[in-house]
Every structure is written in structure tokens, then in C-alpha cells.
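Architecture at a glance
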Amino acid sequence: MSVFEGFILTPKGFMEGRLESDASGRIGALVGHAVDESTVRAGGAGIAMPGFIDLHVHGGAGHDIMEGGDAALQVSRLHASHGTTSLLATTMTAPQEDLDLAFAALAPLCFQRGHYAARVLGVHLEGPYISEARLGAQPAFVRPANLAEIARLHAVAPIRLLTLAPEVSNNQALIADLVAMEIRVQLGHTTGTYEQGVQALRCGATGFTHLFNAMSALHHRDPGMVGAALAHAEYAEIIPDLLHVHPGAMRAALRAIPRLYCVTDSTAAAGMPDGDYQLGRHTVTKCLGGVRLPDGTLAGSVLTMDAALRNLVDTVGLTLQDASRRVSTFAADHLGLQDRGRLAPGAWADLAIVDRDLQVQQVWVEGALVKR
Ligand SMILES: [Zn+2]
């Protein structure tokens, strides 16, 4: 059992009090009195926030999910040290044998607790069912979506999110089948039109992958996939490293998309010095706070969720309470998880405890202390 005393961010707002996890790793007692955010930010006590949830993680600590072996565990430990308590291991567009290898290595992490690392909730399959014309940093192993391949992988490790380009081949027609398999479909790496985006949402797609990046842009006479997202999306992910998206574009998206949430899209270079790293079958270079292909294309990030939180508060200007929803609660909501992403009795005791400068002091995953 773990105990925290100090400021606690609950779904009803901040309180000052005490939180205990029970023997099963869930939140038991939660008692205290309400306080306002200015008191919390001015105070010297620790602030317990819902642990961060990152639905788009390729790597960290020098390891890439596509490596297989214990890469995902190393990646999950690195991100846990930055306050992430659950994540989706995210695969790259790759030949089938590479995906098979990555999925086989992920299976034990998806089904077992107690690794003293961020909990791997499943897989985000990013490609290979994307547009050859909007690869971003994805290697060119694209192919049309194939239900048999997806079902086979899904049986090895659960696919929670799948990014596809709806305009490719018959991808659009498969969205309803994927939703029936309890896989959330996100639109991304796409040249699709506004109309194709709207149609994909009607078919059951529920999100957009790194909004603005690697998708058809908004033009007022040709609103593109970005226009479809801004006009119709309930959920979309965005990368708040201040390199992928200008803060002004983030503010515009925040006004348009009710549950815009943050992901890192982090690579092996996260938590590592400048140098060369693997991203799927690409070699990428970390320098000047970014990760790029040799031609300069941004190739994922070195972002961690604690830095994402600070960027939302310090640069974009969100309250800590609103920023918390965008690094935790809305991601849980998108996956349909009511027992993560919020500090309430019965929910998992997943906590990121930060100081007044929003630096991570302590992290709990399912009640277990993984960073002190
Ligand atoms: Zn990615």
C-alpha cells in the first residue's frame, strides 16, 4: 500500500489531503478539502496528478519498439521516470516479419502487471496502411489494409489504435470491421480530402493521428483532412514539442476539438544524448532538440509527457487542470478506460507527483512506486 499527502488533482478539481492505494493497486481512501489552482501552484507541497497516458510511443532510452526483445520494457521504464504510467507501444510501417517480431515481444508486457514500468496497454499500429505520399518518417513498406493480417496480429498482442489513410484502396470499407474488433481507428499519414475524412468518421473512425503532421492541410476552399478534424472530431492527438506544431495552431485546435490530447511520438532518442538512432528501418539523428531523417524531415520526437505538460502550461497557457486532461484523461477516454486517467476511488493508483515547477518527483504505477 502506498500513501500520498499533499495536493491532489481529482475529477472535481484540486484538493489538499491524503490518497491511499489498496492492496490491489487501486485507489482506496481519498480524503481532503477543496483548494483552488492558484493555492496549489503557490504552495510548496507535491501535487499528485493522474499519471500521464501516451498513446503514441515508438521508443526511448536508446530502444525502438520494433527491435523486439526487451526493448518495450526499457522504453516503458524511461517514460515512467517522466511520469507516464500507461502507454501504447507504437509500431512502424514495416514488412510483415518485422511486425511479427515486435508483436511477439510485446505480448507478455500487455498481459502481465508488475514490471515497475509504465503499463503497456496494447499496441498502436501506425501503418502500414497509410499513404505513400504522406509517409513522414515512416519507411515505404505501405500496403492496403488487410483484415486477416490485422486479426492475426491482434490475437498476439491487442491493437487498441490503428492509424490508416482512408483514401487508400478499400481502407475506408474496413473501418466498421475494425471498430467491431474493438480497435479504434485514427486517420493519419493521409492525403485524403475533407469529404473522405468526414466519410471515415461516419464509418466509425474516432481520431486523428498527430493532427496537422503528415495529413492534407487546411485551405479555405479545400479543407483537407485537417479541416475534417477541426470541423468534426471529438478526439485527436497532437505532438506538443513546439517543433511539430506552432503554439498558435495548437490554440486553434484546442478551440475546435473538445478532447484534443497529447502524445509524444517519441523515438529511441528520447532520454538520450545527440546522435544516431534506429526508428523502424530508418536511421534518424537527434540534434537541436529534434529527431530528423537525413533530408531534414521530422522523424518523431524526443518529447516526454512531463515536458509536454510544461509546454501546455508555460507556453500554450492552459491551466494545470486542463493540461492534465490533455496528457491523461482524454487519452483514457478515447480507449474507453474509465479506471485510468483520473484520481478517484476504484481507479488504478497511477500517479505522477510533481513539484510547483511541474518537475516529476515520484511516480506510481498501479499502486507501486516506480520512481522516487
Ligand atoms: Zn509515430
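Treat the numbers as computed from the prediction; the structure is a model and nothing was measured.

An ideal rise of 1.5 Å per residue puts 22 Å on 16 residues; helix α3 (residues 96–111) measures up with 23 Å between its terminal C-alpha atoms. Largest kink in α3: about 30 degrees, centred on Ala105, with the proline Pro108 one to four residues after it. Asp98, Leu99, Ala102, Phe103, Leu106, Ala107, Leu109 and Cys110 are the residues of α3 that are buried. On its buried face, α3 is in contact with α2 (71–80), β8 (84–91), β9 (119–126), α4 (147–156) and β10 (159–164).

With that settled, consider the side chain of Asp306. If you trace the backbone, Asp306 turns up in helix α9 (residues 305–316). Side-chain polar atoms of Asp306 contact the side chain of His82, separated by 3.1 Å. A distance of 2.6 Å separates polar atoms of two side chains, one belonging to Asp306 and the other to Thr304. With residues up to four places along the chain from it excluded, the contact list for Asp306 reads Phe52, His82 and Val360.

Residues Leu55 and Leu162 are the most contacted members of the largest nonpolar core, which totals 102 residues. The biggest single contributor to this core is helix α10 (residues 320–335), with seven residues. Counting the residues that make up this core, at least three belong to each of domain 1 (1–51 + 341–372) and domain 2 (52–338). With residues up to four places along the chain from it excluded, the contact list for Leu55 reads Leu88, Thr90, His124, Leu161, Glu237, Tyr261, Val263, Ala331 and Leu335. Listed in part, the 12 residues of the second largest apolar core include Phe4, Ile8, Met15 and Leu351.

Rules behind the numbers
- Residues numbered from 1 in each chain as written.
- Predicted model: local features only at pLDDT ≥ 70, side-chain atom pairs only at ≥ 80, totals over all residues.
- Heavy atoms only, no water.
- Helix = DSSP H or I, 4+ residues; strand = E, 2+ residues; numbered from the N terminus.
- Expected span 1.5 Å × (residues − 1).
- Bend = angle between axes of the 7 residues up to and from the residue.
- Buried < 20%, exposed > 50% of the residue type's maximum accessible area, 1.4 Å probe, protein only.
- Contact = heavy atoms within 4.5 Å.
- Polar contact = N/O pair within 3.5 Å; in protein donor to acceptor, adjacent residues only side chain to side chain.
- Core = buried A, V, L, I, M, F, W, Y, C linked by side-chain atoms within 4.5 Å.
- Domains from an automatic or database assignment.

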